[in-house]
Amino acid sequence: MAGAPEGRVGGIALGRRGTPAATAAADLVIGDDRLETIVTALTEGRAMWTSVRTALAILIGGNLGEVTFSVLASALAGSSPLSARQIMLVNLLTDLAPALSIAVRTPAESTGEHLLEEGPHQSLGTALTQEMLQRGLTTALGAGLAWTAARFTGTRRRAGTVALAAVVGTQLAQTLTSGGTGRQVLLSTVGSAVVLAGIIQTPGISQFFGSTPLGPVAWGIALAAIATATLLHSALEPLSCRLASTGWLSAATEQAEGTGKAGEADSPSSAAGVLAALPTGWLSGTLSRLGILRPDFDLLAPS
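These figures come from a predicted structure and were not determined experimentally. (Residues numbered from 1 in each chain as written. Predicted model: local features only at pLDDT ≥ 70, side-chain atom pairs only at ≥ 80, totals over all residues. Heavy atoms only, no water.)

K.L.:
Summarise the overall build of the protein chain; cite the residues concerned and give the values.
P.N.:
Per the secondary structure count, the protein chain includes 14 helices and two strands. Buried positions account for 35% of the 303 residues belonging to the protein chain. A sequence separation of at least 24 residues applies to 67% of the contacts in the protein chain between residues at least 6 apart. A total of about 16,700 Å² of accessible surface is found on the protein chain, and carbon and sulfur atoms cover 65% of it. (Helix = DSSP H or I, 4+ residues; strand = E, 2+ residues; numbered from the N terminus. Buried < 20%, exposed > 50% of the residue type's maximum accessible area, 1.4 Å probe, protein only. Contact = heavy atoms within 4.5 Å. Areas by Shrake-Rupley, 256 points an atom, 1.4 Å probe, with all protein chains shown as cover.)

Here's what the structure looks like:
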């Protein structure tokens, strides 16, 4: 098999029987000269995009759920149920090993036809936004249910600890359902859950993170909230698809980028301006869609 002709993207060459010119020009070189290897290589390449999307959805969606829960709970109770150390613990247990195990997992043999639909454009963009929002809603739901039930049955510190367990548990449950029963995913998920339980139940370490050891009732509340949110994960898909299809995230990003470019002459770094303006741009677009703010009013405009 020859390499890709000039002006054409893509090309496959056989490593053993192919000529040096064809091997150098090809985008894919088959080392064992077996055509079945082409299918395996394409499957792994498409699976990579699926793993990237899932890993990003775990990272960003989990953080989105934490922020949503913290903001809503703070509005109701007057203070955040999760401390700074607890939020750092959540990120350590959910963003490190679980997300990494998803990113490096091998594709299952039964997903070959499904992976043909994946790619850089199909796997990212709206698909990533939808999955990210769905995971964020599920995480916020599980934490909200656990915190509400624990707040009515105990102290504020106990409720915060139950919410901590629910936030981590809900994200780990989503990781487990997305990654399947692979050895790496299973070990990372169960390992993070065991570490969380050990931290909460160890008196000295628990107080360091602003938590308190939980009893059977509190753990039952957390597990019930985790199970409920996980079961309702699929039911939240229409809502997440509707939110993703509105394009509010892309609009906020474009608005922030426009503001950063406009301030290039006055700022040493336009990237810093974009990052600083992005939350305000998102807020402006969201309020406009809710009818709270006039569409022609720009929060980013100087007063």
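K.L.:
Please give an account of the confidence of the model for the protein chain that cites residues and values.
P.N.:
Taken as a whole, the protein chain shows an average pLDDT of 75; of its residues, 69% reach a score of 70 or greater. Taken element by element, the predicted model of the protein chain shows its lowest mean pLDDT in helix α14 (residues 270-289) (46) and its highest in helix α11 (residues 216-231) (94). Low pLDDT (under 50) marks residues 262-284, which in the prediction has 23 contacts with non-local residues, meaning those over four places away or in another chain. Counting interchain partners and residues more than four positions distant, the pLDDT-below-50 stretch residues 297-303 has 11 contacts. (pLDDT = per-residue confidence, 0-100.)

K.L.:
So what's going on with the environment of L186? Which residues, and what values?
P.N.:
Position of L186 relative to the elements: it lies in helix α9 (residues 183-201). Distance in space between the C-alpha atoms of L186 and T175 is 9.1 Å, their sequence separation being 11 residues.

K.L.:
Give me the lowdown on the pattern of salt bridges, citing residues and values where you can.
P.N.:
As enumerated under the stated definition, the model contains one salt bridge in all. Between E131 and R135 there is a salt bridge, and its shortest N-O distance comes to 3.4 Å. Residue E131 and its partner R135 are located together in helix α7 (residues 126-153), separated by four residues, close to a single helical turn. Residue E131 shares its accessibility class with R135, and that shared class is buried. (Salt bridge = Lys/Arg side-chain N within 4 Å of Asp/Glu carboxyl O.)

K.L.:
Any chance you could break down the environment of R151 for me, citing the residues and the numbers?
P.N.:
Here R151 lies in helix α7. With 12 residues separating them in the primary sequence, R151 and A163 have C-alpha atoms 9.6 Å apart. Every residue in contact with R151, bar those within four places of it in the chain, is listed here: R156 and A159.

K.L.:
Talk me through the packing of helix α2 (residues 36-77) against α7; I want residue IDs and the actual numbers.
P.N.:
What describes two packed helices is the angle between their axes and the distance between those same axes. Contact pair α2 / α7: the axes reach a minimum separation of 7 Å and the direction vectors enclose 40 degrees. As far as their axial angle goes, α7 and α2 are oblique. Relative to α7, α2 is oriented so that their crossing is right-handed. When grouped by side-chain class, the residues that make up the contact of α2 with α7 number 15 nonpolar, eight polar and four charged. (Axes fitted to C-alpha atoms, helices over the stretch in contact; angles between N-to-C directions. Parallel < 35°, antiparallel > 145°, perpendicular 65-115°, else oblique. Left-handed = near helix turned anticlockwise from the far one by under 90°. Nonpolar A, V, L, I, M, F, W, Y, C, P; charged D, E, K, R; others polar.)

K.L.:
A description of a nonpolar patch on the surface should follow, citing residues and the corresponding values.
P.N.:
A cluster of nonpolar side chains, contributed by M48, V52, L56 and I60, occupies part of the molecular surface with about 290 Å² of accessible area. Counting through the fold element by element, M48 comes out in helix α2. (Patch = residues over 30% accessible without salt bridge, like charges linked within 9 Å, V, L, I, M, F, W, Y side chains within 5 Å.)

K.L.:
Describe α2, naming the residues involved and giving the relevant values.
P.N.:
Compared with the 62 Å implied by 1.5 Å per residue over 42 residues, the 60 Å span of α2 between its first and last C-alpha is a close match. In the stretch just after α2, G78 is the one whose phi turns positive, near 90 degrees. (Expected span 1.5 Å × (residues − 1).)

K.L.:
Tell me what's going on with the packing of aromatic side chains, and back it up with residues and numbers.
P.N.:
Counted by the stated rule, this structure contains two aromatic pairs. The interplanar angle of 90 degrees and the centroid separation of 5.2 Å between the aromatic rings of F208 and F209 together place this pair among those described as edge-to-face. Above the ring of F208, the side-chain terminus of R85 is found at 4.2 Å from the ring centroid. (Phe/Tyr/Trp six-rings, centres within 6.5 Å; stacked < 30°, edge-to-face > 60°. Lys NZ or Arg CZ within 6 Å of the ring centre and 35° of its normal.)

K.L.:
Residue-level account of the nonpolar core, with values.
P.N.:
Core analysis: the largest hydrophobic core is formed by 31 residues, its most contacted members being F69, L89, V162, L164, V168 and L196. Counting only elements with at least two residues in this core, the list comes to α2, α3 (84-95), α7, α8 (156-179), α9 and α11. Setting aside anything within four residues of it in sequence, one finds F69 in contact with P81, L82, A140, A143, G144, W147, A163 and V167. Residues A55, I58, I102 and V185 belong to the second largest nonpolar core, which totals five residues. (Core = buried A, V, L, I, M, F, W, Y, C linked by side-chain atoms within 4.5 Å.)

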